[in-house]
Amino acid sequence: MLDRLFFPLMGLLAVMIIALALVWPQGIGARSPGPFGHTPVQQTPEMQAAMKRQTEASQKRINQARETMRNLQTEAIAPSQ
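Nothing here was measured: the structure is a model prediction, and the numbers come from that model.

Calculation notes
- Residues numbered from 1 in each chain as written.
- Predicted model: local features only at pLDDT ≥ 70, side-chain atom pairs only at ≥ 80, totals over all residues.
- Heavy atoms only, no water.
- Helix = DSSP H or I, 4+ residues; strand = E, 2+ residues; numbered from the N terminus.
- Buried < 20%, exposed > 50% of the residue type's maximum accessible area, 1.4 Å probe, protein only.
- Areas by Shrake-Rupley, 256 points an atom, 1.4 Å probe, with all protein chains shown as cover.
- Phe/Tyr/Trp six-rings, centres within 6.5 Å; stacked < 30°, edge-to-face > 60°.
- Salt bridge = Lys/Arg side-chain N within 4 Å of Asp/Glu carboxyl O.
- Patch = residues over 30% accessible without salt bridge, like charges linked within 9 Å, V, L, I, M, F, W, Y side chains within 5 Å.

Novice: Pulling in residues and values, what's your account of the overall build of the protein chain?
Specialist: Along its length, the protein chain carries two helices and zero strands. Relative to its 81 residues, the protein chain shows a buried fraction of 4%. Summed over its atoms, the accessible surface of the protein chain is roughly 7,500 Å², and 64% of this surface lies on carbon and sulfur atoms.

Novice: How would you explain the packing of aromatic side chains if you had to name every residue and give the values?
Specialist: One pair of aromatic rings is described through two measures. These are the centre distance and the angle between the planes. What the rule picks out here adds up to one aromatic pair. Taking 5.3 Å as the distance between ring centres and 75° as the angle between the ring planes, the aromatic pair formed by Phe6 and Phe7 counts as edge-to-face. Relative accessible area serves as the criterion here: at 53%, Phe7 is assigned to the exposed category.

Novice: Can you tell me about the pattern of salt bridges, naming the residues and giving the values?
Specialist: A full pass over the atoms with the stated rule returns one salt bridge. Salt-bridge contacts for Glu67 lead to Arg70; the nearest nitrogen and oxygen are separated by 3.2 Å. With Glu67 and Arg70 both in helix H2 (residues 45-77), this residue pair falls three residues apart, about one helical turn.

Novice: With reference to specific residues and values, describe a nonpolar patch on the surface.
Specialist: There is a patch of nonpolar side chains on the surface, built from Met1, Leu2, Leu5, Phe6, Phe7, Leu9, Met10, Leu12, Leu13, Met16 and Ile17 and spanning about 1,100 Å² of accessible area. Note on placement: Met10 falls in helix H1 (residues 3-23). Under the relative-accessibility criterion, Met10 is labelled partly exposed at 39%.

Purely geometric stuff here, so don't read any function into it on its own.
Below, the structure is given as structure tokens:
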């Protein structure tokens, strides 16, 4: 292949790859730079509140299950009359 064709094509390819890197998402939770970026859904206040509510509900269910098991074990060891 001629150098006159090869090197301009490689330069164009390099510019296209750099442009793609500027607009491609940076990863989960990370924001893309400048005019291309947007706030990820996980970082919005509504989603943060929903995730907190879900975590608290899950913890409550786990604690209730543990308390129920403790009560059942206590009754099995020393049944009340």
